[in-house]
Amino acid sequence: MPSLPAAPSSTPSDFRVLARRDRWRRRASAWKLGNWLAQQERRSREGGAGEVERVRQLEGPTVEDWRAVPFRRTAGCGRSVVSDDGQVELRSKAGVVYTAGLQTCASVWACPVCRSKIAAHRQAEVAAAGRVHARAGGSTGMLTLTVRHAQTDDLAELVAGIRKAWRRVQQSKAWRPARHLVDGTITALEVTRGDNGWHPHLHVLVMGSDPVGMDELAEVARRLWADSVVHMLGGEHRPNATNGVHWTGAKQGDDAEVIARYAAKLGAEVTRGDWKANDVLAQLLDGVEAGDVEAVARYLEYTAAMRGRNQQVWSRGFRGCLAELADGQGDDEATELLGAVVSDEQAAEDDRGGDHVAFVDRRTWHRACRTWGAAGCVAILEHYERVEPPPP
């Protein structure tokens, strides 16, 4: 392999290139934080309090939170070589070079690189679902469910509460008459942070057969949501009548192609939090990179509260029904996407598909990580994207 290429410039000509550099740069912040935490914990066990106590004294994360964060996996994600032969394989798909044979943490909450790969797969699944359902005469809409929140609120309690509140709505007697209007739902959890603290909310993609009936269903949700939130979280979290429930849906008379495009647009909304300006993971890791102690504390609180939670949940049996419809429609891509459930771990793996480009030995890859950090790793990928592939 040639010597390490120059570190990437700051003026990329391609948005995709810039986005990848940003993801790797932020993942490098998680690398550094994981190493720092491990070092401080060792010092603490040896009798010294260490700088880690500065963060623990901030309101939010506890000692248990620190132990709950999967830092060993995140700190080695994209850096530790795990292949049997000790080499990193570079593969190419659609002109993009990527790695295989490296550790992946598969955390949609803690790692920006793994999250992007997982989100891309989930986006493709939802787009396929909307396409198949529209061809079968269905319509699509989306409920966004929020609660009132404040700086002092505990994120884990808020997340658990809004999910229980939505479950209570669906199980209520008042909701039962509306069930026949719904073929299935895809519920996505999203968290942002602002002046009023953590803001967890649900995006519920609703697929049914009657646009007018689905609009009525949204009105039922508005009537039930506030009381359900109060029951699960208390009166201080009661959402206001205007913003607590937001509904957007396809129009009556839209043809299947228009509805399919609309479903794909909504699918991007519920899966691609990494595309949004208020992306909380990007904000927190940028703060970690800048050395902001409060950002470190909030990142730890966030990853501890979200660990083990599913970012996306399909209603029971809906995915299988859509897979059968896709097969009957002759849509092989949708049949493959919907027929088998792909876990976050599988979606985050780097070694699926593509063509072999080159091998990088363990020593060179680790040297790039140590010397240049994420910039060195991305420089290697970009180098091979510029090089013409060898003839077959």
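Remember, predicted model here, so these are calculated numbers, not experimental data.

Cut-off values and rules
- Residues numbered from 1 in each chain as written.
- Predicted model: local features only at pLDDT ≥ 70, side-chain atom pairs only at ≥ 80, totals over all residues.
- Heavy atoms only, no water.
- Core = buried A, V, L, I, M, F, W, Y, C linked by side-chain atoms within 4.5 Å.
- Buried < 20%, exposed > 50% of the residue type's maximum accessible area, 1.4 Å probe, protein only.
- Helix = DSSP H or I, 4+ residues; strand = E, 2+ residues; numbered from the N terminus.
- Contact = heavy atoms within 4.5 Å.
- Expected span 1.5 Å × (residues − 1).
- Bend = angle between axes of the 7 residues up to and from the residue.
- Phe/Tyr/Trp six-rings, centres within 6.5 Å; stacked < 30°, edge-to-face > 60°.
- Lys NZ or Arg CZ within 6 Å of the ring centre and 35° of its normal.
- Axes fitted to C-alpha atoms, helices over the stretch in contact; angles between N-to-C directions.
- Parallel < 35°, antiparallel > 145°, perpendicular 65-115°, else oblique.
- Left-handed = near helix turned anticlockwise from the far one by under 90°.
- Nonpolar A, V, L, I, M, F, W, Y, C, P; charged D, E, K, R; others polar.
- Salt bridge = Lys/Arg side-chain N within 4 Å of Asp/Glu carboxyl O.

Participant: Mind showing me how you'd approach the nonpolar core here?
Facilitator: Within soluble globular proteins, side chains that are nonpolar generally end up buried alongside one another. Residues W24, L143, W166, W225, Y299, Y302 and W365 are the most contacted members of the largest nonpolar core, which totals 76 residues. It is helix 7 (residues 211-233) that contributes the most residues to this core, 9 residues altogether. Not counting the four nearest positions on each side in its chain, L143 is found in contact with W166, L202, H203, V204, V206, L217, A218, A221, V245, H246 and W247. With 24 residues, the next largest nonpolar core counts L266, F318, L322 and L337 among its residues.

Participant: Any chance you could explain helix 7 here in plain terms?
Facilitator: Taking 1.5 Å per residue as the helical rise, helix 7 with its 23 residues ought to reach 33 Å, and the 32 Å between its terminal C-alpha atoms agrees with that figure. Most pronounced at L224, the bend in helix 7 amounts to some 30°. Phi turns positive one or two residues past the end of helix 7, at G234, with a value near 105°.

Participant: Please explain the packing of aromatic side chains as it appears in this structure.
Facilitator: Each aromatic ring pair is characterised by the separation of its centres together with the angle its planes make. Within the structure shown, the criterion is met by 6 aromatic pairs. Measuring from centroid to centroid gives 6.5 Å for W24 and W31, while their planes differ by 90°, and the two rings are edge-to-face. The pair formed by W24 and W31 is uniform in burial state, with each residue classed as buried. With a centroid separation of 6.4 Å and an interplanar angle of 75°, the aromatic rings of W24 and W365 are classed as edge-to-face. Of the two residues, W24 is situated in helix 1 (residues 15-45) and W365 in helix 14 (residues 362-372); the sequence distance between them amounts to 341 residues. Neither residue differs from the other here; W24 and W365 are each classed as buried. Three or more aromatic residues link up through ring pairs in this structure, and these residues are W24, W31 and W365. Here R193 stacks its cationic end above the ring of W198, 4.6 Å away from the centre of that ring.

Participant: Would you take a moment to explain the packing of helix 11 (residues 318-329) against helix 12 (residues 332-339) for this structure?
Facilitator: Two quantities define a packed helix pair, namely the angle between the axes and the distance from one axis to the other. Helix 12 packs onto helix 11 with a crossing angle of 160° between their chain directions and a minimal axis gap of 8 Å. One element, helix 11, and the other, helix 12, form an angle in the roughly antiparallel class. As for the relative orientation of helix 11 and helix 12, their crossing is left-handed in sense. For the pair helix 11 and helix 12, the contacting residues are R319, L322, A323, A326 and D327 in the first and A334, T335, L337, L338 and G339 in the second. Here the contact of helix 11 with helix 12 is composed, by residue class, of 6 nonpolar, 2 polar and 2 charged.

Participant: Which parts of the structure should I look at to understand the pattern of salt bridges?
Facilitator: Pairs can form between side chains of opposite charge once their charged atoms are near each other. Scanning all chains against the criterion turns up 23 salt bridges. The salt bridge involving E125 is made with R319; its shortest N-O contact spans 2.6 Å. Placement of E125 in helix 5 (residues 112-135) and of R319 in helix 11 is noted, with a sequence separation of 194 residues between them. Here R135 makes a salt bridge to D331, at a shortest N to O gap of 2.9 Å. With R135 in helix 5 and D331 in the loop between helix 11 and helix 12, the pair connects residues that are 196 residues apart, well separated along the chain. With a relative accessible area of 46%, R135 lands in the partly exposed category. Look at the salt bridges and you will find they share partners, linking D22, R25, R26, D286 and E289 into a network.

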